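Residue-level structural notes
Spelled out from the first residue to the last, the chains are:
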Amino acid sequence: ALATAGLTAGPAAARVEPALECAGEFTTAASGLQFCDCTIGTGAEPSKGQEIRAHYTGRLMDGRVFDSSYTRGQPLQFKVGTRQVIAGWDEGILGGEGIPPMKVGGKRVLIVPANMAYGERGAGGGLIPPGATLKFDVELCEPPQRIGFSNSYR
């Protein structure tokens, strides 16, 4: 699940980034995941199992925000490709059939079908309804600092 602990029913008290604007069309991958790059990053691509950091705003398709790392002032940190987040995020960041991987500094809009999100169970105590398609603005941030380790993805 994608940080369901951060889901709140009330309006965001802090800053929520405005929705990302895509200059081009959305591309639909074989999985049904749709994406559009707003900014192509110039940094490294993450690899499966790597600890990454990403800022995001999650919206229902009617535009209502259900969660945003920006309001917390801290990006989400997780091991990508290991099912710590919804499948649409893993594929949308790492890439897949018809989707190039993101690079650090990149900003991408993902439209995640229910079967790659929370499915028929929904999430957030009803905040995300069963069967919901979700829209995420995702910004791939610099990897977490590790003392004694390289601070790069690849």
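Look up: the structure comes first, before these words.
Residues numbered from 1 in each chain as written. Predicted model: local features only at pLDDT ≥ 70, side-chain atom pairs only at ≥ 80, totals over all residues. Heavy atoms only, no water.

1. Details of the environment of Gln34
Tracing the sequence through the fold places Gln34 in strand β2 (residues 34–39). Residues Gln34 and Ile99, spaced 65 residues apart in sequence, show a C-alpha to C-alpha distance of 8.8 Å. Ignoring any residue separated from it by four or fewer positions in sequence, one finds Gln34 in contact with Phe26, Thr27, Thr28, Val109, Leu110 and Ile111. (Helix = DSSP H or I, 4+ residues; strand = E, 2+ residues; numbered from the N terminus. Contact = heavy atoms within 4.5 Å.)

2. Concerning the packing of aromatic side chains
Under the defined criterion, the tally for this structure stands at five aromatic pairs. Ring geometry for Trp89 against Phe136: centres 5.6 Å apart, planes inclined by 90 degrees, an arrangement best described as edge-to-face. Separated by 47 residues along the polypeptide, Trp89 in helix α2 (residues 87–94) and Phe136 in strand β7 (residues 134–140) bring together distant segments of the chain. The residues Trp89 and Phe136 share a single accessibility class, namely buried. Among the aromatic residues, those joined into a ring-pair cluster are Tyr56, Phe66, Phe78, Trp89 and Phe136. (Phe/Tyr/Trp six-rings, centres within 6.5 Å; stacked < 30°, edge-to-face > 60°. Buried < 20%, exposed > 50% of the residue type's maximum accessible area, 1.4 Å probe, protein only.)

3. What to know about the nonpolar core
If you look at the biggest cluster of nonpolar residues, it comprises 31 residues, and the most contacted ones within it are Trp89, Ile93, Leu134 and Phe136. Counting residues per element, the ones that place at least two in this core are β3 (51–60), β5 (76–79), α2, β6 (107–112) and β7. (Core = buried A, V, L, I, M, F, W, Y, C linked by side-chain atoms within 4.5 Å.)

4. As for α2
Counting buried positions over the eight residues of α2 gives seven, a clear majority of the element. When we look at burial in α2, the residues that qualify are Ala87, Gly88, Trp89, Asp90, Glu91, Gly92 and Ile93. In this fold, the buried residues of α2 make contact with β3, β5, β6 and β7. Looking one or two residues past α2, Gly95 carries a phi angle of roughly 95 degrees, positive in sign.

5. A look at the side chain of His55
Residue placement: His55 occurs in strand β3. Within the structure, the side chain of His55 is placed 2.6 Å from the side chain of Ser69, a separation counted as a polar contact. With residues up to four places along the chain from it excluded, the contact list for His55 reads Ser69, Tyr70, Gly73, Gln74, Pro75, Asp137, Val138, Glu139 and Cys141. (Polar contact = N/O pair within 3.5 Å; in protein donor to acceptor, adjacent residues only side chain to side chain.)

6. Here's the deal with the pattern of salt bridges
The final tally for this structure, using the stated rule, is four salt bridges. Of the charged contacts in the structure, one is a salt bridge between Asp37 and Arg108, with a shortest N-O distance of 2.6 Å. Residue Asp37 is located in strand β2, and its partner Arg108 is located in strand β6; the two are separated by 71 residues in the primary sequence. Note that Asp67 is salt-bridged to Arg72, the shortest N-O span being 2.8 Å. The exposure class of Asp67 is buried, given its relative accessible area of 3%. Accessibility expressed as a relative area gives 39% for Arg72, which makes it partly exposed. (Salt bridge = Lys/Arg side-chain N within 4 Å of Asp/Glu carboxyl O.)

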